[in-house]
Amino acid sequence: MAGHTENTITVDAPLDLVWDITNDIENWPRLFTEYSSLEVLSREGDTTAFRLTMYPDDNGKVWSWVSERTVDRAGRIVRARRVETGPFAHMNILWEYTELPGGTQMRWTQDFAMKPDAPVDDEWMTDNINRNSRTQMALIRDRIEQIARDRQNAPLPR
């Protein structure tokens, strides 16, 4: 069996702002509440390899892995995969952005499978990713919407 998640949220902000903020990976430790650090390992064209490290979990374990992501701004999609898979047999991620009247829709899709010796199974991880994606997407939406409001209310230069 394999795991699949798909979560969507609408952000009341222009597509360019949503794209720029969510794809500024060096800023992810300040954007996401679960990441303690991100180290860019290499860049080649639109593809970036990076190490992502989480804050310690409830048991004090720090999870870290290398991922590779390719952005396609014209197509409004980002494809990513874990290079160091850890407990996953594979992990593939697709982010899609759709411009809507009054905002931008973000959709995160994750397809994965856990290794047979992983501490959790596909069903547990599906529930975990769904719960966490909804939490992170809501926090990101709120942060981007605040930035959009701040920019809209900024005084005009004289």
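Right above here is the structure, for reference.
Residues numbered from 1 in each chain as written. Predicted model: local features only at pLDDT ≥ 70, side-chain atom pairs only at ≥ 80, totals over all residues. Heavy atoms only, no water.

Novice: Can you lay out helix H1 (residues 15-22) for me, pointing to particular residues and giving the numbers?
Specialist: For H1, a buried count of six out of eight residues is recorded, marking the element as mostly surrounded by other parts of the structure. Of all the positions in H1, only Leu15, Leu17, Val18, Trp19, Ile21 and Thr22 are classed as buried. (Buried < 20%, exposed > 50% of the residue type's maximum accessible area, 1.4 Å probe, protein only. Helix = DSSP H or I, 4+ residues; strand = E, 2+ residues; numbered from the N terminus.)

Novice: Give a description of the layout of surface pockets that names residues and reports values.
Specialist: Space inside the largest pocket adds up to approximately 1,100 Å³. Forming the walls of the largest pocket are 35 residues, and the residues nearest its centre are Glu34, Met54, Arg82, Asn128 and Asn132. Counting residues per element, the ones that place at least two in the lining of the largest pocket are strand E3 (47-54), strand E4 (64-72), strand E5 (77-82), strand E6 (88-100), strand E7 (103-114) and helix H3 (122-153). Take the lining of the largest pocket: its biggest share by element is seven residues, from H3. Considering only residue class, the lining of the largest pocket consists of 23 nonpolar, seven polar and five charged. (1 Å grid on protein atoms, 1.4 Å probe; cavity = no way out; pocket = protein on both sides within 12 Å on 5 of 7 lines; lining within 4 Å. Points joined across faces, edges and corners; volume = space filled by probe spheres on them. Nonpolar A, V, L, I, M, F, W, Y, C, P; charged D, E, K, R; others polar.)

Novice: Could you give an account of the pattern of salt bridges, with specific residues and numbers?
Specialist: A complete count under the given rule lists nine salt bridges for this structure. A salt bridge links Asp16 to Arg73; the nearest nitrogen and oxygen atoms lie 3.3 Å apart. Note that Asp16 is positioned in helix H1 and Arg73 in the loop between E4 and E5, a separation of 57 residues in sequence. Assessed through its relative accessible area of 46%, Asp16 is described here as partly exposed. Owing to a relative accessible area of 39%, Arg73 belongs among the partly exposed residues under this scheme. (Salt bridge = Lys/Arg side-chain N within 4 Å of Asp/Glu carboxyl O.)

Novice: Any details on the pairing of E5? Residues and values, ideally.
Specialist: Two elements, E4 and E5, share six bridges in a ladder whose sense is antiparallel. In the strand pairing of E5, Glu68 is matched with Arg81. Turn length for the E4-E5 hairpin, with the two strands adjacent in sequence and antiparallel, is four residues, and the turn residue Arg76 shows positive phi of about 60 degrees. Alignment of E5 against E6, held across five bridges, turns out to be antiparallel. Bridge pairing links Val78 to Trp95 in E6. Where E5 folds back onto E6 in an antiparallel hairpin, the turn is made up of five residues, including Gly86, whose phi is positive at roughly 55 degrees. (Pairing = 2+ DSSP bridges.)

By themselves these figures say nothing about function.
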